[in-house]
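This is what each chain is made of:
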Amino acid sequence: MVDGSPIGEGELLFEELVRSVHGCGPIEVLEAAERYGQAIGLTAVTVHVVDIQQNLLFPLTGGPPLGVDSTEAGEAYRSDTLRLDEGGDGELSLWLPLRDGADRMGVLHVRTESLDEPTLRRCQTLASLLALVVTSKRAYSDTYVRHTRTRPVQLRTEMLRAFLPPRTLGTTRGVSTAVLEPAYELGGDAFDHSITKDTLHAVILDAMGHDLASGLTASVAMAGARSARRNGADLAELTASVEKALLQWLPERFCTGVFATLELADGMFSWANCAHPTPLLIRDRRLVPGALDREPEVPLGLGGVLGGAEARTVHRVRLEPGDQVLLYTDGVTEAHDSEGRMFGLEQFADFVIRAASADEPAPETLRRLIHAIHEHQRGSFTDDATIMLLEWHPDGRGAPRSRGC
């Protein structure tokens, strides 16, 4: 009994499913979910996870992948909305987004002969549970990871990817999302972001070179930033911590980077730029030229070479509601086609502005943008390309969320 009301059969079955997932393996939990689905009248329950380049959705229990850009499943993933399709056999196909917080993981496919409101709510709850389960179990199982790769990754890439956070995180007031290529041959690019109370933290890095040592440099820099942040350091202390780590462990290497914080309560954006491309500010769907231009500083790791680096300057500017800040590595704007034409800063910013005008979710904007850069270079990256997009929405419209179909 709950509040004097008897517990229904569906609720009892769901409780049994929740209790069972702790002892299930990565695939066994999906089989348990399918048994639950059959018990509440569903004819099929299938989890599809997106590959690391966000091109394909792979069913975890076997079957052909589905294109993100060409299928109903892909539309659910791209738009972060429920999609309902009536099949030729009279059954209904329901596609529900799978998200780890704000991060898009894939979609849940449900087939049923009929769909009423209670069944829809159960499907949405099941999607939430399975997203949590996949997030939890992929931390110690390679089963899900294998389904997100279409080919082997290089050693330096494996090392860097082990450090990377989810592509997207945020709250209703602010979101940070990132993409990077080449997905299977990363050199020294990396990103990090985190939320602590009312502060969104962001880091973008570009280590010298394109070898294993480059990946190690980026990994040490990222670990140094995380260690300092988790010890309560401010931005000046954080960059000093990264500098110290590089000088101590990799004295022959250096990297550029931007370390930033966004206060979600009042929109204060603070950043330290260590010889990295200048962040871009987009306001009212227009690029604000020079808004974040500041005096350049030397790369991280050169303090010893230059006889001791001074503390990094922390700059501050208060954002306005709806502002977007773009952080990127030079592999983005310097990407060139077979005739040597650069992708360029103007085309880069214009792509984001047009997507914002269409009210497109930020993670989808970056997915399409990195694919556009990929196509511009005909799939051949001569340098890593990483993009981060920060948005501030004090009115609570920031984080991606599932909407009705």
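Conventions and cut-offs
- Residues numbered from 1 in each chain as written.
- Predicted model: local features only at pLDDT ≥ 70, side-chain atom pairs only at ≥ 80, totals over all residues.
- Heavy atoms only, no water.
- Helix = DSSP H or I, 4+ residues; strand = E, 2+ residues; numbered from the N terminus.
- Rg over C-alpha atoms; globule rule 2.2 N^0.38 Å.
- Buried < 20%, exposed > 50% of the residue type's maximum accessible area, 1.4 Å probe, protein only.
- Contact = heavy atoms within 4.5 Å.
- Areas by Shrake-Rupley, 256 points an atom, 1.4 Å probe, with all protein chains shown as cover.
- Pairing = 2+ DSSP bridges.
- Axes fitted to C-alpha atoms, helices over the stretch in contact; angles between N-to-C directions.
- Phe/Tyr/Trp six-rings, centres within 6.5 Å; stacked < 30°, edge-to-face > 60°.
- Left-handed = near helix turned anticlockwise from the far one by under 90°.
- Nonpolar A, V, L, I, M, F, W, Y, C, P; charged D, E, K, R; others polar.
- Expected span 1.5 Å × (residues − 1).
- Arc of directions from axis to C-beta.
- Core = buried A, V, L, I, M, F, W, Y, C linked by side-chain atoms within 4.5 Å.
- Polar contact = N/O pair within 3.5 Å; in protein donor to acceptor, adjacent residues only side chain to side chain.

Asks: So what about the overall build of the protein chain? Which residues, and what values?
Replies: When helices and strands are tallied, the protein chain shows eleven helices and 17 strands. In terms of C-alpha radius of gyration, the protein chain reaches 23 Å, essentially the compact-globule figure of 22 Å for 405 residues. Put simply, the protein chain has 405 residues, and 52% of those count as buried. Within the protein chain, contacts between residues separated by at least 24 positions form 67% of all contacts whose residues are at least 6 apart in sequence. Looking at the protein chain as shown, the accessible area adds up to about 18000 Å², and 50% of this sits on carbon and sulfur atoms.

Asks: Tell me what's going on with the sheet that holds strand E5 (residues 92-100), and back it up with residues and numbers.
Replies: Here six strands make up an open sheet; going across it, the order is E3-E2-E1-E6-E5-E4 and the pairing antiparallel. Both outer strands of the open sheet, strand E3 (66-67) and strand E4 (83-86), are each paired with one neighbouring strand and no more. Both strand E2 (residues 56-59) and E3 contribute to a ladder of two bridges, which runs antiparallel. Pairing of Leu56 across the sheet is with Gly67, part of E3. Sitting on the sheet, helix H3 (residues 72-79) touches strand E1 (42-50), E2, E3, E4, E5 and strand E6 (103-112), and the angle it makes with E6 is about 140°.

Asks: I'd like a description of the packing of aromatic side chains, backed by residues and values.
Replies: Summed over all chains, the structure comprises three aromatic pairs. A centroid spacing of 5.6 Å and a plane angle of 65° characterise the contact between Phe14 and Tyr36, whose relative ring orientation is edge-to-face. Of the two residues, Phe14 is situated in helix H1 (residues 9-20) and Tyr36 in helix H2 (residues 28-39); the sequence distance between them amounts to 22 residues. Of the two residues, Phe14 and Tyr36, both sit in the buried class. Consider the rings of Tyr328 and Phe348, whose centres lie 5.2 Å apart with planes at 65°: the pair is edge-to-face. Residue Tyr328 is found in strand E16 (residues 324-328), and its partner Phe348 is found in helix H10 (residues 345-357); the two are separated by 20 residues along the sequence.

Asks: Can you break down the packing of H10 against helix H11 (residues 362-376) residue by residue, with the values?
Replies: In the contact formed by H10 and H11, the axes pass within 10 Å of each other and the chain directions differ by 145°. Taken as a pair, H10 and H11 cross one another with a handedness that is right-handed. Facing H10, whose interface residues are Phe348, Phe351, Val352 and Ala355, H11 presents Thr365, Arg368, Leu369 and Ala372. Its residues placed into classes, the contact of H10 with H11 shows six nonpolar, one polar and one charged.

Asks: Quick rundown of the pairing of E2? Include the residues and the values.
Replies: The two faces of a sheet get side chains in turn, since along a regular strand they alternate between them. Where E1 lies against E2, three bridges are found, and the strand directions are antiparallel. Each residue of the ladder has a partner; that of Val50, found in E2, is Leu57. Adjacent in sequence and paired antiparallel, E1 and E2 are bridged by five residues, among which Gln54 carries a positive phi angle near 55°. Hairpin geometry of E2 and E3 is characterised by an intervening segment of six residues between the two adjacent antiparallel strands and by a positive phi of about 100° at Gly62.

Asks: I'd like a rundown of the environment of His376, residues and numbers included.
Replies: Among the structural elements, His376 can be located in helix H11. Between the C-alpha atoms of His376 and Arg312, which are 64 residues apart in sequence, the distance is 36 Å. Discounting chain neighbours no more than four positions away, the residues touching His376 are Ala335, His336, Asp337, Arg341, Met342 and Phe343.

Asks: Kindly report on H2, identifying the contributing residues and their values.
Replies: Taking 1.5 Å of rise per residue, twelve residues should cover 16 Å, and H2 covers 17 Å from first to last C-alpha, within 8% of that figure. Within H2 the residues assigned to the buried category are Val29, Leu30, Ala32, Ala33, Tyr36 and Gly37. Projection of H2 onto a plane perpendicular to its axis shows the buried side chains occupying an angular sector of 155°, all on one side. Gly41 lies just past H2 and shows a positive phi near 100°.

Asks: So what about unusual backbone geometry? Which residues, and what values?
Replies: Look at the link from Glu181 to Pro182: it is a cis peptide, with omega at 0°. Examined against the element boundaries, Pro182 turns out to sit in the loop between strand E8 (174-181) and strand E9 (189-196). In this model, Asp284 sits at a positive phi of 50°, which is unusual for a non-glycine residue. By secondary structure assignment, the location of Asp284 is in the loop between strand E13 (280-283) and strand E14 (286-287). Exposure remark for Asp284: the relative accessible area of 55% places this residue in the exposed category.

Asks: Just give me the short version of the nonpolar core, but keep the residues and values in it.
Replies: With 45 residues, the main nonpolar core has Val242, Phe259, Phe269 and Val325 as its most contacted residues. If you look at the next biggest cluster of nonpolar residues, it comprises 31 residues, including Ile40, Leu82, Leu96 and Cys123.

Asks: Explain the environment of Gln54 residue by residue, including any values.
Replies: Following the sequence through the fold, Gln54 ends up in the loop between E1 and E2. The class of Gln54 is buried, set by a relative accessible area of 4%. It is 9.7 Å that separates the C-alpha atoms of Gln54 and Glu364, two residues lying 310 residues apart in sequence. In this structure Gln54 touches Val68, Tyr77, Arg104, Arg167, Val179, Arg367 and His371, once residues within four positions along its chain are discounted. A polar atom in the side chain of Gln54 sits 2.6 Å from the side chain of Tyr77.

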